[in-house]
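Coordinate analysis (summary)
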Protein chains: 2
Amino acid sequence: MEIVLSPTVKDVAREARVSVGTVSRVLARNETVNPGIRQRVEEVIARLGYRPSSLGRSLRLNKSDIIGLIIPDITNPFFAELAKHLETLASAAGYSVLLANTHDDPKAECKQVQSLLCRVPAGIVIAPVSGSLVGGILPDGLVSVTIDRPLTGHSLVAVDNFEGGRLAASHLLELGHRRIGYISGPTTTDVSIQRLNGFRGRVEEASSDRAQDLVQLTVLEGNFDYKSGEAIGRKLLQGNVGRRPTAIATANDQQAIGLLRASRDLGIRVPEDLSIVGFDDIPLASLVLPRLTTVRQPIEEIAEIAIRALLGSGPIVGPIALRPALVERDSTAPPPAC
Amino acid sequence: MEIVLSPTVKDVAREARVSVGTVSRVLARNETVNPGIRQRVEEVIARLGYRPSSLGRSLRLNKSDIIGLIIPDITNPFFAELAKHLETLASAAGYSVLLANTHDDPKAECKQVQSLLCRVPAGIVIAPVSGSLVGGILPDGLVSVTIDRPLTGHSLVAVDNFEGGRLAASHLLELGHRRIGYISGPTTTDVSIQRLNGFRGRVEEASSDRAQDLVQLTVLEGNFDYKSGEAIGRKLLQGNVGRRPTAIATANDQQAIGLLRASRDLGIRVPEDLSIVGFDDIPLASLVLPRLTTVRQPIEEIAEIAIRALLGSGPIVGPIALRPALVERDSTAPPPAC
DNA sequence: CTGAAAGCGCTAACAT
DNA sequence: ATGTTAGCGCTTTCAG
């Protein structure tokens, strides 16, 4: 059995009886090529099934057409969604996406970034873990955009988390809730802090507006996952009816879904006995029972801006804060009459 | 501002006063290098922060350390889970994963594969779309493994879907259900057909075992998504209580979750009025309300075998069919007494 | 055990 | 308008 190597510029050049330079020019859509010759070359390319090697090209240009995507966990629906849009956009522009999971581990993140840098990527999109070490190792020449979580000294594209927190609080307040719980993310992450601050700030405003109608807020810290939402939800809900919160907001949808679980197990009906509002609006949010009221992040827009920043006109200036939006579904209602 | 290029073998060689060949040998852990020189070189490498360029290396070896992962949609939890495990394994072995979504479009798939081939990947893991065209364009030299869905002429690593279908049917039958619905995937895909055949086969066995106790099976075809599960679920459930199925099996968990939605909207209680069994056991299956009984695919094992096939001892022989397992949770129960 | 040199596939500067 | 050629960073013979 004979191993057939894939054809190179040389093969094409020989077959078309032109030089490699000409082939390269045809490939580059350089207009200065004689139409007749161009056609001959294109024919040969088609006939041989020639596809230019990314490797050779990238080495020569000292820049590959790879975009690195470095995220904590592709299994998180938010990042999966983001990855999909990023990949679609990148693909349309002729780039490919290299996926790397950090599992929320700064050392793993570092290793992933190092290994990515060896590939001379065209750009890198990173959602840094808390306590990220990569700030120092990203070379100056590399275009990078951080998403979701900020990294000192790099441009951030993210939703306005503070405003998002406020939105959730406003909604609950307007429904009439006065005993409210909040499940935050790890307070080591900036996202968590922003969302919590927004939420708390709005609640405190309400409290001071009408002193006779105090709002009682209980905040508990957890991780950004289902389990955490379930476990912390249990804690918040264990008091008896008159004392436990009538509404709980969470720092992301997974927590909210975990909380839904906990409520069900505890025999607490949503939204009759308990209102729940999440954050992110992952696709699943509209599929769970009941459908989740949540604060929507414009993921597609985040992806678009990130790609534009990487491939487009130039680096973005300062952090970009996108507007969140409250999506009202079935998990929130006025508090029970009692 | 001066642009600092990353150092190359040359720089290291000059600084360490050795030849590039020696530097390369140090990198390759070649034992024939004088320990003193080796140490000197390693020092310089550390001092300059030198990292060998993947590009140069790959070009020279005509093989990159990239593994292509070509799947319909990373947003599908099953593929996200798979991607995570693959990436973790690949990363540990010094490889990176390039992600490409085909959106179930044969033409897009073709393009993605083409663009991947330009990168001379070390291997490719592909879950082909139905009507895939890539069978012809994969070069002989390339190690590839197809997962989930088969591709003629390529080695497949997947769960035994036929057996999985049987498992679901057995469970429902044993609980005593006799009016059963089945929501299949697109019958253009082999997976769907296998699962359905397994399911139907088992049901027919039961019917012939005891002729007096006929089982009534209604099969409807849909897509592998939430929406389809919801829509088709509605159709299956629209008859009145005495006629509609007391149990429905689906071809994947997303459909089952959509079906859960539909049941809730129709006021049909699960599992009291209706039993539901899914397929895949995505993480979400144990989070929904009620927790979903489902047929588990050993995703991690699939990833391991795929990676081993790509990077390990050699190509795998013939299709590998892994054992599925029934995971009993809260969405199935005996049929209502009536 | 180490150095010198060729060459992987490609592009771009230079020459014609 | 087209051909020639150097060289991107690396590995690997082949000499010494």
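Residues numbered from 1 in each chain as written. Chains lettered and ligands numbered in written order. Predicted model: local features only at pLDDT ≥ 70, side-chain atom pairs only at ≥ 80, totals over all residues. Heavy atoms only, no water.

Here we take up the pairing of strand 10 (residues 293-296) of chain B. Residues and elements named next belong to chain B. Across four bridges, strand 9 (residues 275-280) lies against strand 10 in parallel orientation. Residue aspartate 280 lies in a different strand from strand 10, and its bridge partner there is arginine 296. As paired elements, strand 10 and strand 12 (residues 325-327) share three bridges and run antiparallel to each other. Directly across from valine 295, in strand 12, lies its bridge partner leucine 326. (Pairing = 2+ DSSP bridges. Helix = DSSP H or I, 4+ residues; strand = E, 2+ residues; numbered from the N terminus.)

Looking now at the relation of the copies chain B and chain A. Expressed as a screw transformation, the operator carrying chain B onto chain A has a rotation angle of 180° and an axial translation of 0.1 Å, and the superposed copies differ by an RMSD of 0.2 Å. The symmetry that links the two subunits is that of a two-fold axis. Taking the C-alpha atom as reference, chain B places leucine 98 of chain B closest to the rotation axis, 2.1 Å from it. Mapped onto chain A, 100% of the interface residues of chain B again fall at the interface, so both copies present the same surface. (Least-squares fit on C-alpha atoms with pLDDT ≥ 70 in both. Contact = heavy atoms within 4.5 Å.)

In an α-helix, one full turn covers 3.6 residues, which means residues spaced three or four apart are oriented alike. All names here are of chain A. Look at helix 9 (residues 226-237): 16 Å from first C-alpha to last across 12 residues, which is about the 16 Å you get at 1.5 Å a residue. Residues of helix 9 that are buried: Tyr226, Ser228, Gly229, Glu230, Ile232, Gly233, Leu236 and Leu237. Of the surrounding elements, those touching the buried residues of helix 9 are helix 5 (77-92), strand 6 (179-184), strand 7 (216-221), strand 8 (247-250) and helix 10 (253-265). (Expected span 1.5 Å × (residues − 1). Buried < 20%, exposed > 50% of the residue type's maximum accessible area, 1.4 Å probe, protein only.)

What follows covers the packing of aromatic side chains. Residue and element names in this part refer to chain A. Under the criterion given, the structure shown has four aromatic pairs over all chains. Measuring from centroid to centroid gives 5.3 Å for phenylalanine 78 and phenylalanine 79, while their planes differ by 70°, and the two rings are edge-to-face. Per residue, the accessibility class of phenylalanine 78 equals that of phenylalanine 79, and both read buried. Considering the side-chain rings of tyrosine 182 and phenylalanine 199, the 4.7 Å spacing of their centres and the 40° angle between planes classify their relative orientation as tilted. In this pair, tyrosine 182 sits in strand 6 while phenylalanine 199 sits in helix 8 (residues 190-209), placing the two residues 17 residues apart along the sequence. Across the pair, exposure class does not vary: tyrosine 182 and phenylalanine 199 are buried alike. One Lys or Arg, arginine 195, reaches over the ring of phenylalanine 279 and ends 3.8 Å from the middle of that ring. (Phe/Tyr/Trp six-rings, centres within 6.5 Å; stacked < 30°, edge-to-face > 60°. Lys NZ or Arg CZ within 6 Å of the ring centre and 35° of its normal.)

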